[in-house]
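Chain by chain, the residues run as shown.
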Amino acid sequence: MPEPAHHQAMAAAVARMPNPSGYQEVTALEEELAAAFGTRRAVAVSSGTAAITTALAACGIGAGDEVLLPAVTVVMTVAAVVAAGARPVFVEAGADGRGLDLADLTAKTGPEAKAVIAVHLAGRTDGIHDVAAYTRTTGLRLIEDACQAQGTTTRGRPAGTVGDTGCFSLKDGKIIACGEGGYLLTDDDALGDRAAAYRTHWQSPAPDAPAGSRLGVNYRLAEPLAALARHNLQRFPEALAHRRRQAAALHRAVDGTAGLEPIAAGDGDIPNGYSALWRLTLPAPRAFAAHLAGLGVPNSVGTHRLTAAHLHPACSGYATGDLPRAHATVDTLLAVPFTEHDTERAIEQWALTIRQEAAAWKS
């Protein structure tokens, strides 16, 4: 039996090791990612979280600065801001839980605010163009956390290409994956140079900082993982179409169930199918999500314990009051994610479980 192609791709990278200064696979991956998403630059790093921290550092954001971000986010986004030395400021959810509330965003833009992070949970980019217009007016940097949004498009543009830079994950389970890794996209060459320098202990130059003039970190992506990411990038169109078919199949089987309201995509958006999404109108929705997880239906709240960031115990030092729409948005969310290995039969079983348990649910 011939060796699988992804084994061959990784074997070639491994054969060149040890080579401490070797970046052949990473350089090729960066060129291919930039071409695939239509940007001038891509910078590969060790994780999606590292991509956000690197983006902040490349934008010159650090100690004493504030970064505005939605309370409807995963804790990893907050961790990246703190790792950069900045302070996260949580913003209320917009109408119907979509995007950022622009009035709250405006009210919280103080003199220390330097950037906004828009988070595209479950592949949705709700309100990104309004946020981009706001940041252009105020001079704030706009960073997109598009770790769950590979392949989503908004008004014809790939998610992660609307702001100054977009950050992505290559963690196992993402549509393009290599086990662990990440990358950022940008059309700003200076930002790209600073990101590349930062992720490699500032051993390469940037326009305003020669090599070795600043301290950076080791957020490099390992060569064998870059080789695997390159292999999977070639399969991206097929994998994206498959993910969208999975989401559509689960929606067809579940939509119309009492207590579950499908969450439609925003105007001009074509989601990547990262998750099927409903708003729960059942009593005790968080308990229902946990109940489904216990029965084998994976979901963000029940399986991964997604919590509005301002209520997360690890973020208590950054909370500045209640954000009721963000709280309600997360607690009533049923987001069922997929992997390429989820079969039609598995999806049918999830649908049957959701329908039956919703019908029987009391509290």
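Note that the structure is predicted; figures quoted are calculated from it, not measured.

S.K.: Quick question: what am I supposed to make of the environment of Cys59 here?
M.R.: Turning to its location among the elements, Cys59 is positioned in the loop between α3 (48–58) and β2 (66–70). Separated by 56 residues in the primary sequence, Cys59 and Ala115 have C-alpha atoms spaced 8.6 Å apart.

S.K.: Got a minute to help me understand the packing of α3 against helix α4 (residues 75–83) in this structure?
M.R.: Each packed pair of helices is defined by two parameters, the angle between the axes and the distance between the axes. For the pair α3 and α4, interaxial distance at closest approach is 8 Å and the crossing angle is 40°. Comparing the axis directions of α3 and α4 gives the class oblique. In this structure, α3 meets α4 at a crossing whose hand is right-handed. Together, Thr49, Ile52, Thr53 and Leu56 of α3 and Met76, Thr77, Ala80, Val81 and Ala83 of α4 make up the contact between the two elements. The residue makeup of the contact of α3 with α4, split by class, is six nonpolar, three polar and no charged.

S.K.: Even after reading the chapter, I still don't get the nonpolar core, so can you show me in this structure?
M.R.: Across soluble globular proteins, nonpolar side chains have a tendency to be buried as a group. If you look at the biggest cluster of nonpolar residues, it comprises 45 residues, and the most contacted ones within it are Leu56, Ile61, Val67, Phe90, Ile117, Ile143 and Cys167. Listing elements by their share of this core, those giving two or more residues are β1 (41–45), α3, β2, α4, β4 (113–119), α7 (189–198), α11 (324–331) and β13 (333–337). The element contributing the most residues to this core is α3, with six residues. Setting aside anything within four residues of it in sequence, one finds Val67 in contact with Leu56, Ile61, Val81, Ala86, Arg87, Pro88, Val89, Ala115 and Ile117. Counting residues in hydrophobic clusters, the runner-up holds 25 residues, among them Leu33, Ala159, Tyr183 and Ala239.

The rules behind these values
Residues numbered from 1 in each chain as written. Predicted model: local features only at pLDDT ≥ 70, side-chain atom pairs only at ≥ 80, totals over all residues. Heavy atoms only, no water. Helix = DSSP H or I, 4+ residues; strand = E, 2+ residues; numbered from the N terminus. Axes fitted to C-alpha atoms, helices over the stretch in contact; angles between N-to-C directions. Parallel < 35°, antiparallel > 145°, perpendicular 65-115°, else oblique. Left-handed = near helix turned anticlockwise from the far one by under 90°. Contact = heavy atoms within 4.5 Å. Nonpolar A, V, L, I, M, F, W, Y, C, P; charged D, E, K, R; others polar. Core = buried A, V, L, I, M, F, W, Y, C linked by side-chain atoms within 4.5 Å. Buried < 20%, exposed > 50% of the residue type's maximum accessible area, 1.4 Å probe, protein only.

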